[in-house]
Amino acid sequence: MAILVCGGAGYIGSHAVHQFIEKGEDVVIVDNLQTGHRSAIHPKARFYEADIRDGAALDKIFTENKIDAVVHFAANSLVGESVEKPLKYFNNNVYGMQILLESMVRNGVDKIVFSSTAAVYGEPKRIPIQEDDETDPTNPYGESKRMMEKMMKWVSRANGIRYVSLRYFNAAGALPDGTLGEDHNPETHLIPLILQVPQGRRESITVFGTDYPTPDGTCLRDYIHVLDLADAHLLAIDYLRKGGESNIFNLGNGKGFSVNEMIQAAEKATGEKIAVTKGARRAGDPAQLIASSDKAKKILGWQPKFTDVEEVIGTAWAFAKKHPTGYGD
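Caption draft 1: View of the sheet that holds strand β2 (residues 26–31). Pairing is parallel in the open sheet, where 7 strands are placed in the order β3-β2-β1-β4-β5-β6-β11. Edge positions in the open sheet fall to β3 (46–49) and β11 (247–251), since each of these has one partner strand only. Mean inter-strand twist for the sheet, computed between neighbouring axes without regard to direction, equals 20°. Bridge count for strand β1 (residues 2–6) against strand β4 (residues 67–72) is 5 bridges, and the pairing is parallel. By the bridge assignment, Val 5 is partnered in β4 with Val 71.

Caption draft 2: Structural context of the sheet that holds strand β14 (residues 288–289). The strand order β12-β9-β14 describes an open sheet built from 3 strands, whose pairing is mixed. Here the strands that pair on one side only, and so sit at the sheet edges, are β12 (257–258) and β14. As paired elements, strand β9 (residues 220–221) and β14 share 2 bridges and run parallel to each other. Paired with Arg 221 across the two strands is Leu 289, which belongs to β14.

Caption draft 3: Region of the structure containing the nonpolar core. By size, the foremost hydrophobic cluster in this structure holds 37 residues, and its most contacted members are Phe 20 and Leu 166. Among the secondary structure elements, those contributing two or more residues to this core are β1, α1 (11–22), β2, β4, β6 (162–168), α7 (226–241) and β11. Top element by residues in this core is α7. It accounts for 9 residues. If sequence neighbours within four positions are ignored, Phe 20 has contacts with Ile 3, Val 5, Glu 25, Val 27, Val 71, Ala 230, His 233, Leu 234 and Ile 237. Of all hydrophobic cores here, the second largest spans 34 residues; its members include Val 207, Cys 219, Ile 313 and Tyr 327.

Caption draft 4: Structural detail: the pattern of salt bridges. This model, assessed by the stated rule, comprises 18 salt bridges. A salt bridge links Arg 126 to Asp 133; the nearest nitrogen and oxygen atoms lie 2.6 Å apart. Assessed through its relative accessible area of 37%, Arg 126 is described here as partly exposed. For Lys 305, the salt bridge identified is with Asp 231, shortest N-O distance 3.0 Å. Note that Lys 305 is positioned in the loop between α9 (294–299) and α10 (309–322) and Asp 231 in helix α7, a separation of 74 residues in sequence. Note on Lys 305: relative accessible area 60%, which makes it exposed.

Caption draft 5: Up close: α10. Look at α10: 20 Å from first C-alpha to last across 14 residues, which is about the 20 Å you get at 1.5 Å a residue. Every buried residue of α10 is accounted for by Val 309, Val 312, Ile 313, Thr 315, Ala 316, Trp 317, Ala 318, Phe 319 and Ala 320. The inward-facing, buried residues of α10 contact β7 (170–172), α6 (190–195), β10 (223–225), β12 and α8 (259–270).

Caption draft 6: A look at the environment of Thr 218. Here Thr 218 shows up in the loop between β8 (205–208) and β9. Overall, the relative accessible area of 1% leaves Thr 218 in the buried class. Sequence-wise, Thr 218 and Ala 287 are 69 residues apart; in three dimensions their C-alpha atoms are separated by 7.6 Å. Discounting residues that sit within four places of it in the chain, Thr 218 has contacts with Val 207, Gly 209, Thr 210, Tyr 212, Ser 258, Val 259 and Asn 260. A distance of 3.3 Å separates the side chain of Thr 218 from the backbone nitrogen of Val 259, its partner in a polar contact.

Caption draft 7: Focus on the pairing of β1. Counting buried positions over the 5 residues of β1 gives 5, a clear majority of the element. Both faces of β1 are covered, namely the face carrying Ala 2, Leu 4 and Cys 6 and the face carrying Ile 3 and Val 5. Both β1 and β2 contribute to a ladder of 5 bridges, which runs parallel. Residue pairing in the sheet places Cys 6 in a bridge with Val 30 of β2.

How each quantity is defined
- Residues numbered from 1 in each chain as written.
- Predicted model: local features only at pLDDT ≥ 70, side-chain atom pairs only at ≥ 80, totals over all residues.
- Heavy atoms only, no water.
- Pairing = 2+ DSSP bridges.
- Helix = DSSP H or I, 4+ residues; strand = E, 2+ residues; numbered from the N terminus.
- Axes fitted to C-alpha atoms, helices over the stretch in contact; angles between N-to-C directions.
- Core = buried A, V, L, I, M, F, W, Y, C linked by side-chain atoms within 4.5 Å.
- Buried < 20%, exposed > 50% of the residue type's maximum accessible area, 1.4 Å probe, protein only.
- Contact = heavy atoms within 4.5 Å.
- Salt bridge = Lys/Arg side-chain N within 4 Å of Asp/Glu carboxyl O.
- Expected span 1.5 Å × (residues − 1).
- Polar contact = N/O pair within 3.5 Å; in protein donor to acceptor, adjacent residues only side chain to side chain.

This is how it looks when you write it as structure tokens:
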């Protein structure tokens, strides 16, 4: 039986596919390559270039392959863009989930692992954030992911599909050999933006806000290595295969690193001095986002392997050196 990975040519999806195949899983990828990269597609996976909003294409994939579980990464994920173009996010993310679930019901596929986000929580009421905390998104991206979770809940009750929703914090890093990594256009994630300075692609990194109520005044975030995320998806599939009930888990390191600390760690990882520009706070940036992952550790048996932030950045640097302008496709 195979795993269908929606968005398997994207950043997190491609690393998940790599880990699945390393563990001996049969993998089928569907990706429209809107933000994914053909170069990131694993040669041992069967690839369909299609959009998950195309129900006929999904039915063809389910008919041609014996799929017992779906892992769903396919989504637009830029917070700022979602505020400017909310309908794009509701169409691609929410409607995409609707078409995917409809096809799963039609084809008798009853297990799905969903790539959710800490953005469903909005401004956290307490730190660390726990799964039963209130969800009150502050942007359409987080709202779309929360709606997708709700859709799975009701379809689970009506049609027997069991799901695991993995709410993760800041995905970071790359395959240590530099063959897979993070390449977005535009790039909005902190680590690749920092690394563009020693690459010579930007003059300095801008720190948005230096007056937050944190030890050094810059935002605290919980960074989780992309391979640790991939492992959690595999554990979630095993959990569902063994009959586990629908569930939601946070994934993070449980430790916050400030923007300043990330820049300092990047200087150590690269051996280069990184110039900094101070900017004003950005609207909607919480002072700190840190996860409690105790539930995932207890129920899924998950344990992050990459806990040193310098090592995490080092893997991203390996990709940046091997691909100075990204994948180039």
